[in-house]
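A structural walkthrough
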Amino acid sequence: QVQLVESGGGTVQAGGSLRLSCAASGSFVTINDMGWYRQGPGNQRDLVASVTRGGRKDYAESVRDRFSISRDSDKNTVFLEMNNLKPEDTAVYYCKAEVVVDHPPYYDVDRWGRGTLVTVSS
């Protein structure tokens, strides 16, 4: 069973930067898409950024000019570089990976990390 562990969250002043990391471990064949989602106070969990195995990237419009997603497929790790952070970026950030399991019928399943808190002060 795959496990995802996020790191890099914390508290930062508005205009500052943080780099989030998410490492996948366990038994699986490969990982297809990976992404970051966030859930702020009173909000649902929404997509922040995603990257496919082929390198195609998508961003929420609210972060497109400020955040950058990348991945190291050899290490099963995805990163989120967050720049010019704003108070409205405050949320719990969750890592998601689409994992191909290592047994028949080799289907893919979404796995989630437990989240890391990002707090941006004004």
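Everything below is about the structure shown above.
Within each chain, residue numbers correspond to sequence positions counted from 1 in written order. Selection of residues for local features in this predicted model requires a pLDDT of at least 70, selection of side-chain atom pairs for listing and counting requires 80 or more, and totals for whole chains, interfaces and linings are taken over all residues. Hydrogens and water molecules were not included; the side-chain quantities draw on all heavy atoms of the structure.

**A short note on the sheet that holds strand 3 (residues 18-25)**
How we decide: We treat two strands as partners when DSSP finds at least two bridges between them. Strands are runs of DSSP state E lasting at least 2 residues, helices are runs of H or I lasting at least 4, and numbering of each runs from the N terminus. Every axis corresponds to a line fitted to the C-alpha atoms, with the helix fit spanning only the stretch in contact, and the corresponding angles, defined between N-to-C directions, vary from 0 to 180 degrees.
Strand order in the open sheet formed by 4 strands is 1-3-8-7, and the pairing between neighbours is antiparallel. Each edge of the open sheet carries a strand with a single partner, namely strand 1 (3-7) and strand 7 (67-72). Taking each pair of neighbouring strands and ignoring which way they run, the sheet shows an average axis angle of 15°. As defined by bridge partners, strand 7 adjoins strand 8 (residues 77-82) across 6 bridges and the pair is classed as antiparallel. Following the sheet pairing, isoleucine 69 is matched in strand 8 by leucine 80.

**With respect to the state of the cysteines**
Put plainly, two cysteines are in a disulfide when a covalent bond ties their sulfur atoms together. Note the following rule: Note on disulfides: each one is a pair of cysteine sulfur atoms within 2.5 Å.
For the structure shown, the criterion picks out 1 disulfide. Put simply, cysteine 22 and cysteine 95 are joined by a disulfide, and their sulfur atoms are 2.1 Å apart. As the torsion about the S-S bond is roughly -80°, the cysteine 22-cysteine 95 disulfide counts as left-handed. Of this pair, cysteine 22 sits in strand 3 while cysteine 95 is found in strand 9 (residues 91-100), placing the two residues 73 residues apart along the sequence.

**Structural notes on the environment of valine 51**
Rules: Only protein chains enter the area calculation, which uses a 1.4 Å probe; residues under 20% of their type maximum are buried, those over 50% are exposed, and those in between are partly exposed. By definition, residues are in contact when any of their heavy atoms lie within 4.5 Å.
One can find valine 51 in strand 5 (residues 46-51). Among the residues examined, valine 51 registers a relative accessible area of 3% and is labelled buried. On a C-alpha basis, the gap between valine 51 and glutamate 6 in space is 16 Å, while along the polypeptide they are 45 residues apart. Contact partners of valine 51, with chain neighbours within four places excluded, come to Asn32, Asp33, Met34, Arg56, Lys57, Ile69, Arg71 and Val78.

**Side note on the pattern of salt bridges**
Applied cut-off: Think of a salt bridge as a Lys or Arg side-chain nitrogen and an Asp or Glu carboxyl oxygen that are within 4 Å of each other.
Tallying each qualifying case throughout the model produces 6 salt bridges. The residue glutamate 61 makes a salt bridge to arginine 64 at a minimum N-O spacing of 2.8 Å. A salt bridge links arginine 66 to aspartate 89, with the nearest nitrogen and oxygen atoms 2.7 Å apart. Separated by 23 residues along the polypeptide, arginine 66 in the loop between strand 6 (57-59) and strand 7 and aspartate 89 in the loop between strand 8 and strand 9 bring together distant segments of the chain. Each member of the pair, arginine 66 together with aspartate 89, is buried. A cluster of three or more residues bridged by salt bridges with shared partners is formed by Arg38, Arg66 and Asp89.

**Overview of the side chain of lysine 96**
Note the threshold: Two N or O atoms count as a polar contact when they lie within 3.5 Å, although within protein this holds only if one can serve as hydrogen donor and the other as acceptor, and sequence-adjacent residues are included solely when both atoms are side-chain atoms.
Tracing the sequence through the fold places lysine 96 in strand 9. Accessibility expressed as a relative area gives 17% for lysine 96, which makes it buried. Engagement of the side chain of lysine 96 in a polar contact is seen with the side chain of tyrosine 37, the distance being 3.0 Å.

**Notes on the nonpolar core**
Basically, it comes down to this: What is meant by a nonpolar core is a set of buried Ala, Val, Leu, Ile, Met, Phe, Trp, Tyr and Cys residues, joined one to another through side-chain atoms within 4.5 Å.
Judged by nonpolar contacts, the single largest core of 30 residues is most densely connected at Trp36, Leu80, Met82 and Tyr93. For this core, the secondary-structure elements that each account for two or more residues are strand 3, strand 4 (30-39), strand 5, strand 7, strand 8, strand 9 and strand 11 (116-121). Per-element tally for this core: the top contributor is strand 9, with 5 residues.

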